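For reference, the chains in residue letters:
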Amino acid sequence: MLCLTVFMLLTACSVSYKFNGASIDYTKTKTIQIADFPIRSNYVWGPMGPMFNNHLKDYFASHTKLTQVKRNGDLKIEGEITQYAQRNKSVSSEGYSAQTELSITVNVRFTNNVNHSEDFERQFTANQSYETTQSLTSVQEELVTVMIKDICDQIFNATVANW
């Protein structure tokens, strides 16, 4: 009888944790408005804008229960891609560039219409390096994809994960 009682208690009690990173009170916050981010950089790679906009929206859709709306969202994320640049990162012993660093900077304006004390405007940057023996066109898509994922993580953490 004691064993049966212990077994029933153990199976009846369970604890579950969800580690999606979001700390949202869904009773107050139900919608999010994510605007398309235009490219305002001097240097542009065409596919970068749609890649960023789609990944940001998909990231919030898959990591939260918020409904995405076109206007009047409880949360609002907007901004622009302000920089897409490359620079020499290191020099070889012969005096030539050995590595190049590619970077993306995104300016984000976040509005929390449920709690305006959390509103901010901030820049997020991601960098990736590649060997100068490679052409930018051969590595650009892969590097931009990695940087976009990094920036979307940063934006998510700053807006709904409160990190």
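Preceding this paragraph is the structure being described.
Structural notes, computed from the coordinates. (Residues numbered from 1 in each chain as written. Predicted model: local features only at pLDDT ≥ 70, side-chain atom pairs only at ≥ 80, totals over all residues. Heavy atoms only, no water.)

**Considering the side chain of Thr-64**
Then, in step 1: Relative to the elements of secondary structure, Thr-64 occurs in the loop between helix H2 (48–63) and strand S2 (67–68).
Then, in step 2: A polar atom in the side chain of Thr-64 sits 2.6 Å from the backbone oxygen of Phe-60.
Then, in step 3: For Thr-64, the side chain forms a polar contact with the main-chain nitrogen of Leu-66, separated by 3.3 Å. (Helix = DSSP H or I, 4+ residues; strand = E, 2+ residues; numbered from the N terminus. Polar contact = N/O pair within 3.5 Å; in protein donor to acceptor, adjacent residues only side chain to side chain.)

**Some thoughts on the pairing of strand S4 (residues 97–112)**
Then, in step 1: For S4, the tally of buried residues reaches 12 of 16 residues, placing the bulk of the element in the interior.
Then, in step 2: Of the pairings in the sheet, the one linking S4 to strand S5 (residues 120–131) comprises 12 bridges and is antiparallel in character. Opposite Val-106, over in S5, you have Phe-124 as the bridge partner. (Buried < 20%, exposed > 50% of the residue type's maximum accessible area, 1.4 Å probe, protein only. Pairing = 2+ DSSP bridges.)

**Regarding the packing of aromatic side chains**
Then, in step 1: Within the structure shown, the criterion is met by six aromatic pairs.
Then, in step 2: Geometrically, the ring pair formed by Tyr-43 and Tyr-84 is stacked, given 5.2 Å between the ring centres and 5° between the ring planes. A residue pair is termed long-range when its members are at least 10 positions apart, and Tyr-43 in the loop between strand S1 (31–34) and H2 and Tyr-84 in strand S3 (residues 75–91) qualify at 41 residues.
Then, in step 3: Residues Phe-120 and Phe-124 carry aromatic rings whose centres are separated by 6.5 Å and whose planes lie at 65° to one another, so their mutual orientation is edge-to-face. By the burial criterion, Phe-120 is buried, and Phe-124 matches it.
Then, in step 4: By way of ring pairs, the aromatic residues Tyr-59, Phe-60 and Phe-156 are connected into one cluster.
Then, in step 5: Looking at Lys-65, its charged tip hangs above the ring of Tyr-26, at a distance of 4.7 Å from the centre. (Phe/Tyr/Trp six-rings, centres within 6.5 Å; stacked < 30°, edge-to-face > 60°. Lys NZ or Arg CZ within 6 Å of the ring centre and 35° of its normal.)

**Section: the nonpolar core**
Then, in step 1: The biggest cluster of nonpolar side chains holds 37 residues, and the ones touching the most others in it are Phe-52, Leu-56, Phe-60, Ile-77, Ile-104, Val-144 and Ile-155.
Then, in step 2: Secondary structure elements with two or more residues in this core: S1, H2, S3, S4, S5 and helix H3 (136–159).
Then, in step 3: Filtering out sequence-adjacent residues up to four positions away, Ile-77 remains in contact with Ile-32, Gln-33, Ile-34, Ala-35, Phe-37, Leu-56, Phe-60, Val-108, Arg-109, Phe-110, Ile-155 and Thr-159. (Core = buried A, V, L, I, M, F, W, Y, C linked by side-chain atoms within 4.5 Å. Contact = heavy atoms within 4.5 Å.)

**So, the packing of H2 against H3**
Then, in step 1: The interhelical angle for the contact between H2 and H3, taken along N-to-C directions, is 45°, at an axis separation of 10 Å. Classed by the angle they form, the pair H2 and H3 counts as oblique. Of the two elements, H2 crosses H3, and the hand of that crossing is right-handed. Contact residues: Met-48, Met-51, Phe-52, His-55, Leu-56, Tyr-59, Phe-60 and His-63 in H2; Glu-141, Val-144, Thr-145, Ile-148, Lys-149, Ile-151, Cys-152, Asp-153, Ile-155, Phe-156 and Thr-159 in H3.
Then, in step 2: Its residues placed into classes, the contact of H2 with H3 shows 12 nonpolar, four polar and three charged. (Axes fitted to C-alpha atoms, helices over the stretch in contact; angles between N-to-C directions. Parallel < 35°, antiparallel > 145°, perpendicular 65-115°, else oblique. Left-handed = near helix turned anticlockwise from the far one by under 90°. Nonpolar A, V, L, I, M, F, W, Y, C, P; charged D, E, K, R; others polar.)

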